[in-house]
Amino acid sequence: MTFFVDVTVRGYELDTQGHLNQAVYLQYAEHARWELLRAAGLPQEKLLAGGVGPVALEAMVKFRRELRGGERVRVTCRFVYGEGKTFEVVQRILKEDGTVAAEVTGVAGMLDLTARKLIADPAGHLASLAERPDLLSG
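This write-up is about the structure you can find in this document.

## Focus: the overall build of the protein chain
Right, so step 1: Helix and strand content of the protein chain: three helices and six strands.
Right, so step 2: If you list the helices and strands of the protein chain from N to C, you get β-α-α-β-β-β-β-β-α.
Right, so step 3: Scaling as 2.2 N^0.38, a compact globule of 138 residues should have a C-alpha radius of gyration of about 14 Å, and the protein chain matches this with 16 Å.
Right, so step 4: Principal-axis analysis of the C-alpha atoms gives the protein chain an extent of 45 × 25 × 25 Å.
Right, so step 5: A buried classification covers 36% of the 138 residues belonging to the protein chain.

## Overview of the side chain of Glu35
Right, so step 1: Mapped onto the elements of the fold, Glu35 is located in helix 1 (residues 22-39).
Right, so step 2: At 2.6 Å, the side chain of Glu35 forms a polar contact with the side chain of Arg38.

## Some points on the layout of surface pockets
Right, so step 1: By volume, the largest pocket is sized at about 300 Å³.
Right, so step 2: Looking at the largest pocket, it is lined by 20 residues, and the ones nearest its centre are Glu30, Arg33, Ala56, Val89 and Ala108.
Right, so step 3: Taken together, the elements giving at least two residues each to the lining of the largest pocket come down to helix 1, strand 2 (52-63), strand 4 (86-95) and strand 5 (100-112).
Right, so step 4: A total of six residues in the lining of the largest pocket trace back to one element, the largest contributor, which is strand 5.
Right, so step 5: Here the lining of the largest pocket is built from residues that sort into 14 nonpolar, three polar and three charged.

What counts as what
- Just so you know, the residues in each chain are numbered from 1, in the order the chain's sequence is written.
- Whole-chain, interface and lining totals are the exception, using all residues; otherwise, since this is a predicted model, local features are given only for residues with pLDDT of at least 70 and side-chain atom pairs are given and counted only at 80 or more.
- For side-chain calculations, the full set of non-hydrogen atoms in the structure is used, while hydrogens and water are omitted.
- Per the convention used, a helix needs a DSSP run of H or I reaching at least four residues, while a strand needs a run of E reaching at least two, with both numbered from the N terminus.
- Within these notes, the globule rule equals 2.2 Å times the number of residues to the 0.38 power, and the radius of gyration is based on C-alpha atoms.
- Three labels apply to residues, based on accessible area from a 1.4 Å probe with only protein chains included: buried if under 20% of the type maximum, exposed if over 50%, partly exposed otherwise in between.
- Here a polar contact means two N or O atoms within 3.5 Å. Within protein one must be a hydrogen donor candidate and the other an acceptor candidate, and residues neighboring in sequence count only if both atoms are side-chain atoms.
- Lining residues are defined by having an atom within 4 Å of a point belonging to a cavity or pocket. Those points lie on a 1 Å grid over the protein atoms alone, cavities being sets where a 1.4 Å probe fits but cannot get out and pockets being open sets with protein on both sides within 12 Å along at least five of seven lines.
- Grid points are joined across faces, edges and corners, and a volume is the space filled by probe spheres set on the points.
- Residue polarity follows a fixed list, in which Ala, Val, Leu, Ile, Met, Phe, Trp, Tyr, Cys and Pro are nonpolar, Asp, Glu, Lys and Arg are charged, and the others, Gly among them, are polar.

Below, the structure is given as structure tokens:
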């Protein structure tokens, strides 16, 4: 199952052409990532208390369809782990009819806030802290 949150496009998020401003797509993606962590039992306070925090290392947005004020969208989020210190974040912003409005992909890691270095096994570390680790491996 891929995690998701629903968002309604607000009027103040629109650009001069009347569609969602490009930067807001990244904000929606960020919101979904934090909601995924929260749903897994990893709110920001718990991560900070554990001395770690997520860090975005790379982000790319592919715009597919415009979004306008008042539209409801679903923002999906899943983490894809491999070997090493980083993992891929795969997200889609979907219109109510299922049309893909945007695809957001990126590379992330978990930062040791004391050493200021990436943690070697982000999947294992997150799973050890989470109440719902199943949500973290969509």
